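Each chain is listed here by its residues.
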2 protein chains.
Amino acid sequence: MNDLAKLKKDLDGLEVEDNPQIVKQKSRDFFWYSPVLKRQLDHVTADLVVTPKSEEEVIQVLKACFAHDVPVTTRGAGTGNYGQAMPLSGGVVLNLAALNEVLEISPGVVRAQAGAIMAAIDEAARPGGQELRMHPSTYRTATVGGFIAGGSGGVGSINWGGLRDLGNIISLKVATMEAEPRILHMKGEDLHKVSHAYGTNGIILEVEVPLTAAYDWVDVIVGFDEFMDGVHFADALANQDGILTKEIAPVAAPVPHDYFLRHQKYLRKGQSVVLLMVAPFAMDAFLAFASRFRAASICYRSDVGRPEERKGLPPVYELAWNHTTLRGLRVDPTITYLQVLYPFPDYVEKVGRMTRLLGDEVPGHLEFVRFDGKITCFGLPIVRYTSEERLNEIIRLHEDHGCPIFNPHRYTLEEGGMKQTDAVQLAFKREADPKGLLNPGKMIAWEDPDFDFSAQKTYLFPGLAR
Amino acid sequence: MNDLAKLKKDLDGLEVEDNPQIVKQKSRDFFWYSPVLKRQLDHVTADLVVTPKSEEEVIQVLKACFAHDVPVTTRGAGTGNYGQAMPLSGGVVLNLAALNEVLEISPGVVRAQAGAIMAAIDEAARPGGQELRMHPSTYRTATVGGFIAGGSGGVGSINWGGLRDLGNIISLKVATMEAEPRILHMKGEDLHKVSHAYGTNGIILEVEVPLTAAYDWVDVIVGFDEFMDGVHFADALANQDGILTKEIAPVAAPVPHDYFLRHQKYLRKGQSVVLLMVAPFAMDAFLAFASRFRAASICYRSDVGRPEERKGLPPVYELAWNHTTLRGLRVDPTITYLQVLYPFPDYVEKVGRMTRLLGDEVPGHLEFVRFDGKITCFGLPIVRYTSEERLNEIIRLHEDHGCPIFNPHRYTLEEGGMKQTDAVQLAFKREADPKGLLNPGKMIAWEDPDFDFSAQKTYLFPGLAR
Ligand SMILES: Cc1cc2nc3c(=O)[nH]c(=O)nc-3n(C[C@H](O)[C@H](O)[C@H](O)COP(=O)(O)OP(=O)(O)OC[C@H]3O[C@@H](n4cnc5c(N)ncnc54)[C@H](O)[C@@H]3O)c2cc1C
Ligand SMILES: Cc1cc2nc3c(=O)[nH]c(=O)nc-3n(C[C@H](O)[C@H](O)[C@H](O)COP(=O)(O)OP(=O)(O)OC[C@H]3O[C@@H](n4cnc5c(N)ncnc54)[C@H](O)[C@@H]3O)c2cc1C
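Residues numbered from 1 in each chain as written. Chains lettered and ligands numbered in written order. Predicted model: local features only at pLDDT ≥ 70, side-chain atom pairs only at ≥ 80, totals over all residues. Heavy atoms only, no water.

Here we come to the site of ligand 2. Residues and elements named next belong to chain B. Near ligand 2 there are 38 residues, and of these T74, G76, T79, T143 and G153 occur at the shortest range. One of the backbone N or O atoms of G76 is found 2.7 Å from an oxygen atom in ligand 2. At 3.0 Å from a nitrogen atom of ligand 2 is found a side-chain nitrogen or oxygen belonging to S137. Within the complex, 98% of the 960 Å² of free accessible area of ligand 2 lies under protein. (Near = heavy atom within 4 Å. Polar contact = N/O pair within 3.5 Å; in protein donor to acceptor, adjacent residues only side chain to side chain. Areas by Shrake-Rupley, 256 points an atom, 1.4 Å probe, with all protein chains shown as cover.)

So, in structure tokens, the structure goes:
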């Protein structure tokens, strides 16, 4: 009996899938956004997918895999787009989709199992007038555990900053990967150990996150002839302290008209837009604000007109964040994208400079957020992809102009993030995953402590070599 | 029959008070905070106080006063401290205390009569999990109409900015002072006409203001040996996007120990503090944040310890904003205060400079707020008053160092504010109060269009000359 057969025996009674086609499907995420990752990871697959129904079953899987030295890669909904959830060394995909209960709601707080879908959490919180502070644009499919382990922020970050900020996660219940898995309760400074660690050093079983007031947000699209007019408008609106919004995203022409197909009837070719979610009771103030801008024309608002007309339109947040790129990919599969930070205070100027420099090769898409207490913007620009060399050149151009890139064409924590080892996460991995079985290949510091980040080389996980 | 007698006849059936002692009492506010205003306004009194029970009765008063050319000065709770509500030309004090109904609450919005007490509005909104975005520290006594007509911001401004910001007032219902008073419904850009106009150009009958999520805020006092350590702590906390607070106010020694008598047992002599209101579910994150600061020690928190111990303690917000000065005045009636803006971005540096320059003559008190999208701070420093000359010198020192003063020792809109005429408010006064009967003497632009603001002279309302 080989190890896998023995493992299967130990998993008796659990929901285990070994049909290669289904296993391969559940071993993938949105890595194909990146032509680079597409090339590197396309063949990746697990051996088994296990879908535990309870915490006890999760522990059973961990124990069995530990005993047989089988890697475990946790999966929420598999909507990450850096191959985060892809099992580079095969083994087990631990699918948490069935651990999806919303456990408790109180003023300002929700406690839920890690596999709960974010939209489902809001649905449960809504009757009490509450909703999550922030969510990725994959709101309707992504799990809260996957968001915390693999995401960074999104809709609502204009008010609350990112997941990395103290206070945006209250506590986590985490299982370790040991002979006898421990259950840890983390809060405060400790949260950083496992949040945004791609599940490399623990399995998040339960989360406690803050809620805020829920509203029937109004979707608004404001049109501009010039992208930079839209950027100035967005920046001014983001700095209005009394006008409550949840989303502010300028998108440069030709993206809106050419890629937002279901909204196309509201848009002119060559028009840049700012995508907005505005609190319903803030609409009067918003309209007063908007009328100060000659260049701004309101193309669409979801709070007027006949409901039939709006039928079939996606919510505005599904035009924003990584959905902008997704809509682009559907029309033109040759494009890709980047992730840029335009640091405070001269972020608008930097956007202007990069826009002039790169023109239609890199149409702008910004997401305004709070970042360390200030309004600034991230960029998720579309890139008309020609080659990896040119892509790297575009990355260098940004960095040379003081705009750090969070490279979405890398599957490791370090290369996708701050290009350095997170010492806290690494130290915790030593404690919680001594055999290094959790999501192998994603934390360079673990796999190759001597890796030289300054050498400008891409890390290649040995397990990927075929 | 003189005009007053005729007026009284027209007011038949309304609640009219003419007992000189009571009338004088209802003609005063907290002007005595300022030794300057105390000298100028101490004798001011109306002839009558009228307390209408309905909008119709308000209109009846306005019509009658218009007919007999009698000035009308509106009064909420009379907690303003620039003599805003004091009838410089006598006449009628229009007391709106009885117009205090909370009319309608929906998600994010409350509609109330102008005389509703702010704490009462919150009490009504609470069952739905909502509360006002911001309130003055006179929360338990001040009216919402008085706040909008005479206030600027307060507890909550750390999240929402000030009343002047678009979106912090939704709509106002206003009566004009004409032969046939008109009822106007204002929203958007128009709101600026009557907000913070001291009731000089219209009577606010009803307000619609936004609500936000209500929490059982935790009062926290953090102690520091050095005031500037507290200022840095407060600034860092205010810039934490994920830690929800409602109030952040550093107060320099010796104020806390010497003036906060009921909290004295928690404070050391010579200790500076930061006063805080923290969302209950943010306490873990807050404590993690605070433990990064060696100089910070938590002196008091309202969420631990025995309730008996907390009995009789005022809420922390009643140590802050203008209550800091009030508590000081009770211990030492010779002090007074100033109102300073430390503009972004070098506000902390400016605070440091003024602190070094003025030492214990002007003990610091800051209120962190959002201002045009950035965190910055206002100052309400205590001033150990010696003479008007020295007070003016202290004001000049601030201005010379780039810290504008909003002079609380002036009873006019212009001198207390931006030292220039608000053209929109003036134009609206021409429409809405053609005879100039509303709160005479408070808008220089109306009384003396040629007044030269650059001449450094204090405006003296002729009606005040005895
Ligand atoms: C169209 C599109 C739009 C997107 N928009 C955004 C956005 O606005 N903001 C944003 O931050 N991201 C965004 N993303 C990325 C991704 O959707 C989010 O990060 C999402 O929250 C991931 O959730 P998931 O449940 O799909 O996680 P998965 O993709 O399943 O997992 C993400 C990572 O977390 C690990 N993981 C999952 N669950 C657990 C657990 N319980 N314990 C430990 N580790 C775990 C996985 O191993 C993997 O490394 C977007 C992606 C797409 C395709
Ligand atoms: C201890 C203390 C603390 C304070 N803290 C703060 C603070 O934190 N923030 C702040 O902004 N202020 C503060 N103030 C000032 C004052 O309390 C507030 O502005 C308060 O909101 C005034 O409300 P009121 O009902 O007492 O108004 P009043 O004092 O009665 O009136 C204020 C002004 O508005 C006019 N007015 C009142 N009602 C109407 C109406 N319905 N229509 C037209 N005009 C009207 C009056 O004529 C007057 O000019 C403080 C004052 C004190 C004494």
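Structure shown, so let's carry the discussion forward.
Before going further, it helps to spend a moment on the UniProt feature "domain: FAD-binding PCMH-type" (unreviewed entry) in chain A. UniProt tags residues 41-214 of chain A as "domain: FAD-binding PCMH-type" (unreviewed entry). Between the C-alpha atoms that bound residues 41-214 of chain A there is a distance of 40 Å. The span itself is 19% helix and 26% strand. (UniProt positions renumbered as here; feature names shortened; annotations may be inferred. Helix = DSSP H or I, 4+ residues; strand = E, 2+ residues; numbered from the N terminus.)

Turning our attention to the relation of the copies chain B and chain A. With an RMSD of 0.0 Å, the operation that places chain B on chain A is a rotation of 180° combined with a shift of 0.0 Å along the axis. Read as a symmetry element, the transformation amounts to a two-fold axis. For chain B, the residue whose C-alpha comes nearest the rotation axis is A213 of chain B, separated from it by 2.6 Å. Comparing interface residues between copies, 100% of those in chain B also sit at the interface in chain A, which points to an isologous, same-surface contact. (Least-squares fit on C-alpha atoms with pLDDT ≥ 70 in both. Contact = heavy atoms within 4.5 Å.)

Moving on, we come to the interface of chain B and chain A. On the chain A side, the residues contacting the 39 residues of chain B number 39 residues. Approximately 3,100 Å² of surface area, both sides summed, lies buried where chain B meets chain A, with 53% of it carried by carbon and sulfur atoms. When residues of chain B are sorted by the area they lose upon contact with chain A, L166, D241 and F281 of chain B head the list and together hold 23% of the total. At the junction of chain B with chain A, the criterion picks out four salt bridges. Residue D284 of chain A is joined to K187 of chain B by a salt bridge in which the shortest nitrogen-to-oxygen separation is 3.4 Å. Breaking the side of chain B that touches chain A down by element, the ones donating at least two residues are α7 (157-160), β10 (203-213), α10 (283-290), β17 (366-371) and β18 (374-379) of chain B. A class-by-class count of the residues in the side of chain B that touches chain A yields 18 nonpolar, 11 polar and 10 charged. (Buried area = accessible area lost by both parts, 1.4 Å probe. Salt bridge = Lys/Arg side-chain N within 4 Å of Asp/Glu carboxyl O. Nonpolar A, V, L, I, M, F, W, Y, C, P; charged D, E, K, R; others polar.)

The next subject is the pattern of salt bridges. Oppositely charged side chains can form a pair if their charged atoms are brought close together. Overall, the coordinates contain 66 salt bridges over all chains when judged by the stated rule. E399 of chain A is paired through a salt bridge with K419 of chain A; the nearest N and O atoms lie 3.7 Å apart. Highlighted residues: E399 of chain A in helix α14 (residues 388-400) and K419 of chain A in the loop between α15 (413-416) and α16 (423-432), separated in sequence by 20 residues. Overall, the relative accessible area of 35% leaves E399 of chain A in the partly exposed class. Given the relative accessible area of 33%, K419 of chain A is considered partly exposed. Among the salt bridges present, the one from R126 of chain B reaches E131 of chain B, with a minimum N-O distance of 3.7 Å. The exposure class assigned to R126 of chain B is partly exposed, which follows from its relative accessible area of 35%. Residue E131 of chain B is classed as buried on the basis of its relative accessible area of 4%. (Buried < 20%, exposed > 50% of the residue type's maximum accessible area, 1.4 Å probe, protein only.)

Further remarks concern the site of ligand 1. Residues and elements named next belong to chain A. Taken together, the neighbourhood of ligand 1 is formed by 38 residues, with T74, G76, T79, T143 and G153 sitting nearest. Residue A77 places a main-chain N or O atom 2.9 Å away from an oxygen atom belonging to ligand 1. In the environment of ligand 1, an oxygen atom lies 2.7 Å from a nitrogen or oxygen atom belonging to the side chain of T143. A total of 970 Å² of accessible area belongs to ligand 1 in isolation, and the protein chains cover 98% of it. Mapped onto the shell around ligand 1, the elements with two or more residues apiece are β3 (72-75), α6 (144-150), β10 (203-213) and α12 (322-331). Here the element with the most residues in the shell around ligand 1 is α6; it accounts for five residues.

Glancing now at the domain arrangement of chain A. Residue and element names in this part refer to chain A. Parsing chain A into structural domains produces domain 1 (4-95), domain 2 (102-214) and domain 3 (218-400). Spacing between the C-alpha centres of domain 1 and domain 2 amounts to 21 Å. Each partner contributes to the interface: domain 1 provides 16 residues, whereas domain 2 provides 18 residues. E180 is the partner of K63 in a salt bridge, and the nearest nitrogen-oxygen pair spans 3.3 Å. Among the secondary structure elements, those contributing two or more residues to the side of domain 1 that touches domain 2 are α4 (55-67) and β3. If you tally residues by element for the side of domain 1 that touches domain 2, the top one is α4, at seven residues. (Domains from an automatic or database assignment.)

Before going further, it helps to spend a moment on the packing of helix α8 (residues 227-238) of chain B against α10 of chain B. All names here are of chain B. At a closest axis distance of 11 Å, the pairing of α8 and α10 adopts a crossing angle of 135°. The angle between the axes of α8 and α10 places the two elements in the oblique class. The two elements α8 and α10 meet at a crossing, and its hand is right-handed. From α8, F233, A236 and L237 reach across to α10, where they touch F286, F289 and A290. Residues of the contact of α8 with α10, tallied by class, amount to six nonpolar, no polar and no charged. (Axes fitted to C-alpha atoms, helices over the stretch in contact; angles between N-to-C directions. Parallel < 35°, antiparallel > 145°, perpendicular 65-115°, else oblique. Left-handed = near helix turned anticlockwise from the far one by under 90°.)

Under the counting rule described, the total for this entry stands at 37 aromatic pairs over all chains. Seen in terms of ring centroids, W32 of chain A and Y33 of chain A are 5.5 Å apart; in terms of plane orientation they differ by 55°. Their pairing is tilted. Seen in terms of ring centroids, F224 of chain A and F233 of chain A are 5.2 Å apart; in terms of plane orientation they differ by 55°. Their pairing is tilted. In this structure, F224 of chain A and F233 of chain A share a single accessibility class: buried. Counting every residue linked through ring pairs, the aromatic cluster contains F344, Y347 and F368 of chain A together with F344, Y347 and F368 of chain B. Residue placement shows K435 of chain A over the ring face of F66 of chain A; its charged tip is 4.0 Å from the ring centre. (Phe/Tyr/Trp six-rings, centres within 6.5 Å; stacked < 30°, edge-to-face > 60°. Lys NZ or Arg CZ within 6 Å of the ring centre and 35° of its normal.)

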